[in-house]
Amino acid sequence: LPTAIASSTIASSWWRYLVYGLPISLHFGWVTAATLVNLNGSVAASMLPPRAVAWVGHVSVAAATAVGMAVSITRRAPVYAGVICWALTAVADGMKKKKNKQNLADSSSASSSSSETGGGLLWNIKLQQRLSQLGAFANAATAAAVTAMMIIGKQREHNNIAP
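Summarised in this report is the structure supplied together with it. (Residues numbered from 1 in each chain as written. Predicted model: local features only at pLDDT ≥ 70, side-chain atom pairs only at ≥ 80, totals over all residues. Heavy atoms only, no water.)

## Focus on the pattern of salt bridges
One side chain can pair with another of opposite charge once the charged atoms of both are near each other. Taken as a whole, this structure holds one salt bridge when the rule is applied. K97 is the partner of D93 in a salt bridge, and the nearest nitrogen-oxygen pair spans 3.2 Å. Of the two residues, D93 and K97 both sit in helix α3 (residues 78-108), four residues apart, roughly one turn of that helix. On the basis of relative accessibility, which here comes to 55%, the residue K97 falls in the exposed class. (Salt bridge = Lys/Arg side-chain N within 4 Å of Asp/Glu carboxyl O. Helix = DSSP H or I, 4+ residues; strand = E, 2+ residues; numbered from the N terminus. Buried < 20%, exposed > 50% of the residue type's maximum accessible area, 1.4 Å probe, protein only.)

Structure (C-alpha coordinates):
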(Lines give C-alpha, C1' and ligand atoms only; values in the text may rest on other atoms or scores of the structure.)
Protein backbone atom coordinates (compact mmCIF):
# COMPACT_ATOMS: atom_id res chain seq x y z
CA LEU A 1 0.00 0.00 0.00
CA PRO A 2 2.74 2.61 0.74
CA THR A 3 4.15 2.06 -2.78
CA ALA A 4 0.71 2.72 -4.26
CA ILE A 5 0.42 5.92 -2.22
CA ALA A 6 3.89 7.04 -3.31
CA SER A 7 3.07 6.31 -6.94
CA SER A 8 -0.17 8.25 -6.75
CA THR A 9 1.64 11.18 -5.09
CA ILE A 10 4.22 11.25 -7.90
CA ALA A 11 1.52 10.94 -10.55
CA SER A 12 -0.44 13.71 -8.82
CA SER A 13 2.56 16.05 -8.80
CA TRP A 14 3.20 15.42 -12.50
CA TRP A 15 -0.49 15.95 -13.20
CA ARG A 16 -0.39 19.26 -11.32
CA TYR A 17 2.67 20.29 -13.34
CA LEU A 18 0.97 19.43 -16.64
CA VAL A 19 -2.24 21.24 -15.71
CA TYR A 20 -0.82 24.31 -13.94
CA GLY A 21 2.93 24.67 -14.39
CA LEU A 22 3.34 23.83 -18.06
CA PRO A 23 0.72 26.26 -19.45
CA ILE A 24 1.99 29.12 -17.29
CA SER A 25 5.61 28.44 -18.28
CA LEU A 26 4.62 28.23 -21.94
CA HIS A 27 2.67 31.48 -21.79
CA PHE A 28 5.39 33.30 -19.83
CA GLY A 29 7.98 32.18 -22.39
CA TRP A 30 5.84 33.47 -25.26
CA VAL A 31 5.29 36.78 -23.47
CA THR A 32 9.04 37.15 -22.85
CA ALA A 33 9.88 36.41 -26.49
CA ALA A 34 7.12 38.70 -27.81
CA THR A 35 8.25 41.53 -25.53
CA LEU A 36 11.80 41.35 -26.85
CA VAL A 37 10.61 41.09 -30.47
CA ASN A 38 8.37 44.15 -30.01
CA LEU A 39 11.18 46.08 -28.31
CA ASN A 40 13.49 45.31 -31.21
CA GLY A 41 10.79 46.17 -33.74
CA SER A 42 10.23 49.59 -32.21
CA VAL A 43 13.97 50.24 -32.01
CA ALA A 44 14.35 49.22 -35.67
CA ALA A 45 11.54 51.61 -36.64
CA SER A 46 13.21 54.49 -34.78
CA MET A 47 15.71 56.90 -36.23
CA LEU A 48 18.68 55.20 -34.60
CA PRO A 49 21.64 54.30 -36.81
CA PRO A 50 21.75 50.69 -38.05
CA ARG A 51 24.73 49.89 -35.81
CA ALA A 52 22.77 50.91 -32.67
CA VAL A 53 19.76 48.87 -33.82
CA ALA A 54 22.03 45.85 -34.33
CA TRP A 55 23.55 46.18 -30.86
CA VAL A 56 20.12 46.45 -29.24
CA GLY A 57 19.33 43.17 -31.02
CA HIS A 58 22.54 41.58 -29.70
CA VAL A 59 21.78 42.69 -26.14
CA SER A 60 18.22 41.37 -26.48
CA VAL A 61 19.50 37.95 -27.51
CA ALA A 62 21.92 37.90 -24.57
CA ALA A 63 19.10 38.96 -22.23
CA ALA A 64 16.74 36.31 -23.60
CA THR A 65 19.44 33.67 -23.14
CA ALA A 66 20.24 34.68 -19.56
CA VAL A 67 16.62 35.15 -18.49
CA GLY A 68 15.58 31.88 -20.12
CA MET A 69 18.23 29.93 -18.27
CA ALA A 70 17.73 31.72 -14.94
CA VAL A 71 13.94 31.40 -14.88
CA SER A 72 14.06 27.78 -15.98
CA ILE A 73 16.54 26.83 -13.28
CA THR A 74 15.11 28.87 -10.40
CA ARG A 75 11.45 28.05 -11.13
CA ARG A 76 12.05 24.47 -12.31
CA ALA A 77 10.36 25.37 -15.59
CA PRO A 78 12.02 23.54 -18.49
CA VAL A 79 9.22 24.54 -20.86
CA TYR A 80 10.15 28.21 -20.38
CA ALA A 81 13.69 27.55 -21.59
CA GLY A 82 12.24 25.47 -24.43
CA VAL A 83 10.11 28.39 -25.61
CA ILE A 84 13.08 30.76 -25.43
CA CYS A 85 15.12 28.17 -27.37
CA TRP A 86 12.41 28.08 -30.03
CA ALA A 87 12.30 31.89 -30.27
CA LEU A 88 16.08 32.20 -30.55
CA THR A 89 16.13 29.48 -33.20
CA ALA A 90 13.59 31.51 -35.17
CA VAL A 91 15.79 34.61 -34.81
CA ALA A 92 18.83 32.64 -36.04
CA ASP A 93 16.83 31.40 -39.03
CA GLY A 94 15.70 34.95 -39.79
CA MET A 95 19.30 36.13 -39.64
CA LYS A 96 20.34 33.33 -42.01
CA LYS A 97 17.76 34.52 -44.53
CA LYS A 98 18.82 38.14 -44.02
CA LYS A 99 22.48 37.15 -44.46
CA ASN A 100 21.72 35.38 -47.74
CA LYS A 101 19.76 38.42 -48.95
CA GLN A 102 22.61 40.75 -47.95
CA ASN A 103 25.16 38.52 -49.71
CA LEU A 104 23.09 38.79 -52.90
CA ALA A 105 22.87 42.58 -52.52
CA ASP A 106 26.62 42.82 -51.88
CA SER A 107 27.48 40.71 -54.91
CA SER A 108 25.31 42.91 -57.16
CA SER A 109 26.75 46.16 -55.79
CA ALA A 110 30.44 47.03 -55.55
CA SER A 111 30.06 49.88 -53.03
CA SER A 112 29.44 48.02 -49.78
CA SER A 113 32.38 48.78 -47.60
CA SER A 114 31.08 51.32 -45.09
CA SER A 115 30.44 50.28 -41.50
CA GLU A 116 26.71 51.14 -41.72
CA THR A 117 26.01 49.04 -44.83
CA GLY A 118 27.60 46.15 -46.65
CA GLY A 119 30.45 44.61 -44.66
CA GLY A 120 29.45 46.15 -41.31
CA LEU A 121 25.82 45.14 -41.73
CA LEU A 122 26.78 41.62 -42.80
CA TRP A 123 29.10 41.30 -39.78
CA ASN A 124 26.26 42.31 -37.42
CA ILE A 125 23.87 39.88 -39.12
CA LYS A 126 26.37 37.03 -38.71
CA LEU A 127 27.00 37.98 -35.07
CA GLN A 128 23.25 38.08 -34.37
CA GLN A 129 22.85 34.66 -35.99
CA ARG A 130 25.67 33.15 -33.93
CA LEU A 131 24.48 34.69 -30.67
CA SER A 132 20.96 33.39 -31.35
CA GLN A 133 22.27 29.90 -32.11
CA LEU A 134 24.37 29.90 -28.95
CA GLY A 135 21.45 31.16 -26.86
CA ALA A 136 19.13 28.54 -28.34
CA PHE A 137 21.64 25.79 -27.58
CA ALA A 138 22.18 27.06 -24.01
CA ASN A 139 18.42 27.16 -23.36
CA ALA A 140 17.90 23.71 -24.89
CA ALA A 141 20.64 22.32 -22.65
CA THR A 142 19.10 24.09 -19.65
CA ALA A 143 15.65 22.68 -20.44
CA ALA A 144 17.12 19.18 -20.69
CA ALA A 145 19.10 19.56 -17.45
CA VAL A 146 16.12 20.94 -15.51
CA THR A 147 13.91 18.14 -16.82
CA ALA A 148 16.51 15.56 -15.75
CA MET A 149 16.76 17.17 -12.30
CA MET A 150 12.98 17.08 -11.93
CA ILE A 151 12.84 13.40 -12.91
CA ILE A 152 15.73 12.48 -10.61
CA GLY A 153 14.09 14.48 -7.80
CA LYS A 154 10.81 12.60 -8.26
CA GLN A 155 12.65 9.27 -8.22
CA ARG A 156 14.44 10.23 -5.01
CA GLU A 157 11.14 11.32 -3.48
CA HIS A 158 9.63 7.99 -4.45
CA ASN A 159 12.55 6.04 -2.96
CA ASN A 160 12.34 7.97 0.33
CA ILE A 161 8.60 7.39 0.69
CA ALA A 162 8.43 3.75 -0.38
CA PRO A 163 9.56 1.08 2.11
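On we go from here.
## Digging into the nonpolar core
Of all hydrophobic cores here, the largest spans 10 residues; its members are L36, V61, A64, V71, A77, Y80, I84, C85, L88 and A136. For this core, the elements supplying multiple residues, two or more each, are α2 (50-74) and α3. For A77, the residues in contact, after removing those within four places along its chain, are S25, S72 and V146. Core analysis: the next-biggest nonpolar cluster, separate from the first, contains five residues, Y17, V83, V146 and M150 among them. (Core = buried A, V, L, I, M, F, W, Y, C linked by side-chain atoms within 4.5 Å. Contact = heavy atoms within 4.5 Å.)

## Here's the deal with the environment of A136
In this structure, A136 sits in helix α4 (residues 119-161). Judged by relative accessible area, A136 falls into the buried class, the value being 7%. In the structure, A136 is positioned 51 residues away from C85 in sequence and 4.1 Å away in space, judged by C-alpha atoms. Once residues within four sequence positions are removed from consideration, A136 is found in contact with C85, L88 and T89.

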